[in-house]
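# Fold and contact review
As a plain string of letters, each chain reads:
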Amino acid sequence: MTPSELTKLKIEQLWDLWFESNSQLVKDELVIRFIPLVEQVAGRLRMGLPNFVNMDELVNSGVIGLISAIENYDRERANKFETYAVTRIRGSVLDGLRDYDW
């Protein structure tokens, strides 16, 4: 499938494709679709941090957690992806903050 065809699919169809093929294009589309979730988690964490902490750095760290969540998500379990991903994203952002703090 081409990237333009992937953008027209519903999220459930993307998950089906991802579990069937583990295609990099499908994973990229899933990451793009869930970037607002990363921004939401980073924004919530940002509220309790000093002003010099860069929001872009938080989002970058969160994207690493999102990619990890996509790769490790098991839909056979009863939880939604968003519930699982928020925990992974938040942990990744906190790990990024620890790396920046010397």
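Further up the page is the structure itself.
All figures in this text were calculated on a predicted structure; none of them were measured in a lab. (Residues numbered from 1 in each chain as written. Predicted model: local features only at pLDDT ≥ 70, side-chain atom pairs only at ≥ 80, totals over all residues. Heavy atoms only, no water.)

## Focus: the overall build of the chain
When helices and strands are tallied, the chain shows 5 helices and 0 strands. Expressed along its principal axes, the backbone C-alpha trace of the chain runs to roughly 45 × 30 × 20 Å. Counting only residues that meet the buried cut, the chain has 34% of its 102 residues in that class. Expressed as a percentage of contacts within the chain between residues at least 6 apart in sequence, the contacts between residues at least 24 apart total 53%. Carbon and sulfur atoms form 53% of the exposed surface of the chain, whose accessible area is close to 6,700 Å². Placing the 12 positive and 16 negative side-chain charges of the chain at their respective mean positions leaves the two points 5 Å apart. (Helix = DSSP H or I, 4+ residues; strand = E, 2+ residues; numbered from the N terminus. Buried < 20%, exposed > 50% of the residue type's maximum accessible area, 1.4 Å probe, protein only. Contact = heavy atoms within 4.5 Å. Areas by Shrake-Rupley, 256 points an atom, 1.4 Å probe, with all protein chains shown as cover. Lys, Arg positive; Asp, Glu negative; His and termini not counted. Charge placed at Lys NZ, Arg CZ, Asp CG, Glu CD.)

## Let's talk about the layout of surface pockets
Volume-wise, the largest pocket comes out at about 170 Å³. Put simply, the parts of the chain that give the lining of the largest pocket at least two residues each are α4 (55-72) and α5 (81-100). Residues of the lining of the largest pocket, tallied by class, amount to 7 nonpolar, 1 polar and 2 charged. (1 Å grid on protein atoms, 1.4 Å probe; cavity = no way out; pocket = protein on both sides within 12 Å on 5 of 7 lines; lining within 4 Å. Points joined across faces, edges and corners; volume = space filled by probe spheres on them. Nonpolar A, V, L, I, M, F, W, Y, C, P; charged D, E, K, R; others polar.)

## As for the environment of Thr-87
By secondary structure assignment, the location of Thr-87 is in helix α5. Given the relative accessible area of 56%, Thr-87 is considered exposed. Sequence separation between Thr-87 and Glu-76 is 11 residues; the distance between their C-alpha atoms is 18 Å.

## Describing unusual backbone geometry
Peptide bonds are mostly trans, and most non-glycine residues show a negative phi. The backbone phi angle of Asn-22 is positive, close to 50°, even though this residue is not glycine. In this fold, Asn-22 is placed in the loop between α2 (11-21) and α3 (24-46).

## Looking at the pattern of salt bridges
Opposite charge on two side chains lets them pair, provided their charged atoms get close. Following the criterion strictly, the structure yields 5 salt bridges and no others. Arg-75 is the salt-bridge partner of Asp-16, the closest N and O atoms lying 2.8 Å from each other. Residue Asp-16 is located in helix α2, and its partner Arg-75 is located in the loop between α4 and α5; the two are separated by 59 residues in the primary sequence. Residue Arg-75 is classed as partly exposed on the basis of its relative accessible area, which comes to 36%. (Salt bridge = Lys/Arg side-chain N within 4 Å of Asp/Glu carboxyl O.)

## Looking at the packing of aromatic side chains
A full pass over the atoms with the stated rule returns 8 aromatic pairs. For the ring pair Trp-15 and Phe-19, a centre distance of 5.7 Å and an interplane angle of 25° mean the geometry is stacked. With Trp-15 and Phe-19 both in helix α2 and 4 residues apart, the pair spans about one turn of that helix. Residue classification places Trp-15 among the buried positions, given a relative accessible area of 8%. When its relative accessible area of 33% is taken as the criterion, Phe-19 is described as partly exposed. Members of the aromatic cluster, connected to one another through ring pairs, are Trp-15, Phe-19, Phe-34, Tyr-73, Phe-81 and Tyr-84. (Phe/Tyr/Trp six-rings, centres within 6.5 Å; stacked < 30°, edge-to-face > 60°.)

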